[in-house]
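Okay, here's what each chain looks like letter by letter:
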Amino acid sequence: MKALTYHGPHRVKVDNVSDPGLEAPDDIILRVTATAICGSDLHLYRGKIPGTSHGDIFGHEFMGEVVEAGAAVTAVQKGDRVVIPFVIACGDCFFCRLQQYAACETTNSGRGAILNKKQITSPAALFGFSSLYGGVPGGQAEYVRVPKANTGPFKVPPVLADDQVLFLSDILPTAWQAVKNAQVTKGSSLAIFGAGPVGLLTAACARMLGAEKIFMVDHHPYRLAFAQQRYDVIPINFDENDDPAAFILENTANHRGVDAVIDAVGFEAKGSLTETVMTNLKLEGSSGKALRQCIAAVRRGGIVSVPGVYAGFIHGFLFGDAFDKGLTFRMGQTHVQAYLPELLNLIEQGLIRPEEIVTHHMPLEQAEEAYKIFEKREEECRKIILVPGLNETQRHA
Ligand SMILES: NC(=O)c1ccc[n+]([C@@H]2O[C@H](COP(=O)([O-])OP(=O)(O)OC[C@H]3O[C@@H](n4cnc5c(N)ncnc54)[C@H](O)[C@@H]3O)[C@@H](O)[C@H]2O)c1
Ligand SMILES: [Zn+2]
Ligand SMILES: [Zn+2]
């Protein structure tokens, strides 16, 4: 079969690899009908995640049709159309029973990215996300093996198109968890850092929940313009205004700041040359630029919600400021499985339309070009869906 594979930083290509087969009784094999490229894939693509090897198949946002099911699979059957959560969870351990699926303690044979680990268990395995997260082949492929098929695969109704439900695999639940963690409700004020797919869907969720004022920070005018037009955010371009937090304070009552901030940027945040250099030299784990801005922009007693991925340490993390302001931090990988029924319901009611952020549909066979377009933000790219076998003439927005 064809699959998108890694061959070193900024080098991916579509290779012919062997078809996956069932390995455990609760595995299924899925024929992929749609798969997306995520900002998380860009961390891998740029060679920033240790434990990524030549030939690894990427992809953790995918859906399709069940073509084979192991003897112990009862939740789905051959022929079912399902979306697959990017988090692989057993459904039965201490954390799964708490619905904290991303902390599942039984699926990951790798060690995760934590530095001071001691005896704690690793977090859940993730599709296509390096040996640190289990070395499980991803779904930017024609077929994929899905382990723990009694917990993950989520059946979707035929009336909804792939575009409408694909993002249940990751970015919609991620945006949802981010706004829930931020306790966004009617009348809230909010600042979202990052206008990528995660930031945009976060704005969509916050609007739906009745947030009153939403600031959005990025430096790609076309992403900010879309968010302004579609979600009525107040855009702040950090290339034009290098202190977005100061602008946010100036534009809230009594210079208090917003009720909550959401960091949908993560460890590759731009804006601090020193940190970018130090991070590349591995003297710094993550760039703290976006996080410092978040801490500065939120009101006293407010919440900092972080869906953006961080790794290791940040020297310039102003913990004293966070203490002085009495802040709450909530973060982490998304407990995808926990949110799917309620999110499907919102899609069915038309209250949330995740497909509106899509700009590109491309054949899986052109995934190499698709990575380049998404990474370089070419063609005003917001989100790319790869479709195995899509022919060139069907390539469309
Ligand atoms: N927690 C989870 O489970 C989960 C799930 C999906 C994605 N993520 C993470 O969410 C983050 C965003 O993903 P995405 O798909 O939207 O990626 P993306 O790379 O398309 O978007 C990131 C955006 O942040 C902007 N940005 C960079 N530096 C900034 C700064 N200093 N201030 C404000 N904006 C800045 C970029 O211009 C870009 O538009 C990534 O770190 C990704 O790994 C986490
Ligand atoms: Zn993702
Ligand atoms: Zn578990």
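What you are looking at is a predicted structure, and each value in this text was computed from that prediction instead of being measured. One numbering rule holds for all chains: residues counted from 1, following each sequence as written. For naming, the first written chain is A and the first written ligand is 1, with later ones following in the order written. Local features in a predicted model are, by the rule used here, given only for residues with pLDDT of at least 70; side-chain atom pairs are given and counted only at 80 or more, and totals for whole chains, interfaces and linings are based on all residues.

A count of helices and strands for the chain gives 12 helices and 17 strands. Throughout, radius of gyration means the C-alpha value; the globule benchmark is 2.2 Å times the number of residues raised to the power 0.38. Taking 21 Å as the expected radius of gyration for a compact globule of 397 residues, we find that the chain reaches 20 Å, a close match to that expectation. With the C-alpha coordinates of the chain rotated into their principal frame, the extents come out at 60 × 45 × 40 Å. For the chain, the residues scored as buried account for 52% of the 397 residues in total. Note on contacts: residues are paired as contacts if their backbone-placed C-beta atoms lie within 7 Å. Across the chain, contacts joining residues at least 24 apart in sequence account for 71% of those joining residues at least 6 apart. Labels follow the DSSP assignment, with helices taken as runs of H or I lasting at least four residues and strands as runs of E lasting at least two, numbered in each case from the N terminus. Here exposure depends only on C-beta density: within 10 Å of a residue's C-beta, 20 or more other C-beta atoms make it buried, 12 or fewer make it exposed, and intermediate numbers make it partly exposed, the C-beta atoms being placed from the backbone.

A separate point is the environment of Ala370. Along the chain, Ala370 falls in helix α12 (residues 367-375). A count of 25 C-beta atoms within 10 Å places Ala370 in the buried class. Along the backbone, Ala370 and Val12 are 358 residues apart, and their C-alpha atoms lie at a distance of 10 Å. Residue contacts for Ala370: discarding those within four places in its chain leaves Ile37, His360, Met362, Ile384 and Leu386.

What follows covers the nonpolar core. In this usage, the nonpolar core is the set of buried Ala, Val, Leu, Ile, Met, Phe, Trp, Tyr and Cys residues whose C-beta atoms join them within 7 Å. Counting residues in hydrophobic clusters, the biggest one holds 130 residues, and the most contacted among them are Leu190 and Met216. Ranked by residues supplied to this core, first place goes to helix α5 (residues 197-208) with 7 residues. Those domain boundaries reflect an automatic or database domain assignment. Both domains that meet at this core, namely domain 1 (2-170 + 336-394) and domain 2 (171-331), each give it at least three residues. When near neighbours in sequence (up to four residues on either side) are disregarded, Leu190 contacts Ala182, Val184, Ala206, Ala211, Ile214, Val258, Asp259, Ala260 and Ile262.

On to the sheet that holds strand β11 (residues 213-218). Note on sheets: strands pair through backbone hydrogen bonds, and any given pair is parallel or antiparallel. Being paired, for any two strands, means DSSP has found at least two bridges between them. Pairing within the open sheet is parallel, and its 6 strands lie in the order β12-β11-β10-β13-β14-β15. With one partner strand each, in any of the chains shown, β12 (234-237) and β15 (328-331) form the two edges of the open sheet. Averaged over all pairs of adjacent strands, the angle between strand axes in this sheet comes to 20°, irrespective of strand direction. Looking at chain direction, strand β10 (residues 189-193) and β11 are connected through 5 bridges and run parallel. Looking at β11, one finds that Ile192 is bridged to Met216. Axis angles are defined between N-to-C directions and span 0 to 180 degrees, where every axis is a line fitted to C-alpha atoms and, for a helix, only to the segment in contact. Along the sheet face, helix α9 (residues 289-297) touches β10, β13 (258-263) and β14 (298-306) and points at about 170° away from the line of β13.

Now for the domain arrangement of the chain. Partitioning the chain into structural domains gives domain 1 (2-170 + 336-394) and domain 2 (171-331). For domain 1 versus domain 2, the distance between C-alpha centres works out to 26 Å. Residue-level contacts link 23 residues of domain 1 with 23 residues of domain 2. Tallying contributions element by element places helix α1 (residues 39-45) first for the side of domain 1 that touches domain 2, with 3 residues. Residues were grouped as follows: Ala, Val, Leu, Ile, Met, Phe, Trp, Tyr, Cys and Pro as nonpolar; Asp, Glu, Lys and Arg as charged; and all remaining residues, including Gly, as polar. Looking at the side of domain 1 that touches domain 2 residue by residue, the class counts come to 13 nonpolar, 3 polar and 7 charged.

Next up on the list: the site of ligand 1. Not every one of the 34 residues close to ligand 1 is listed here, only the nearest: Gly39, Ser40, Gly194, Gly196 and Gly266. Every element with two or more residues in the shell around ligand 1 is listed here: α1, α4 (171-181), α5, β11 and α9. No other element matches the 4 residues that α1 contributes to the shell around ligand 1. Counted by class, the shell around ligand 1 contains 15 nonpolar, 14 polar and 5 charged residues. Of the residues that make up the shell around ligand 1, three or more belong to each of domain 1 (2-170 + 336-394) and domain 2 (171-331). For each residue, a C-beta atom is placed from the backbone, and the residue is labelled near a molecule or strand when this atom is within 6 Å of it.

So, on to the environment of Val165. Relative to the helices and strands, Val165 resides in helix α3 (residues 162-165). In this structure Val165 comes out as buried when scored by C-beta crowding, with 25 C-beta atoms within 10 Å. Along the primary structure Val165 and Val83 are separated by 82 residues, whereas in three dimensions their C-alpha atoms are 7.3 Å apart. Setting aside residues up to four positions removed in sequence, Val165 forms contacts with Met63, Val83, Val156, Leu160 and Ile347.

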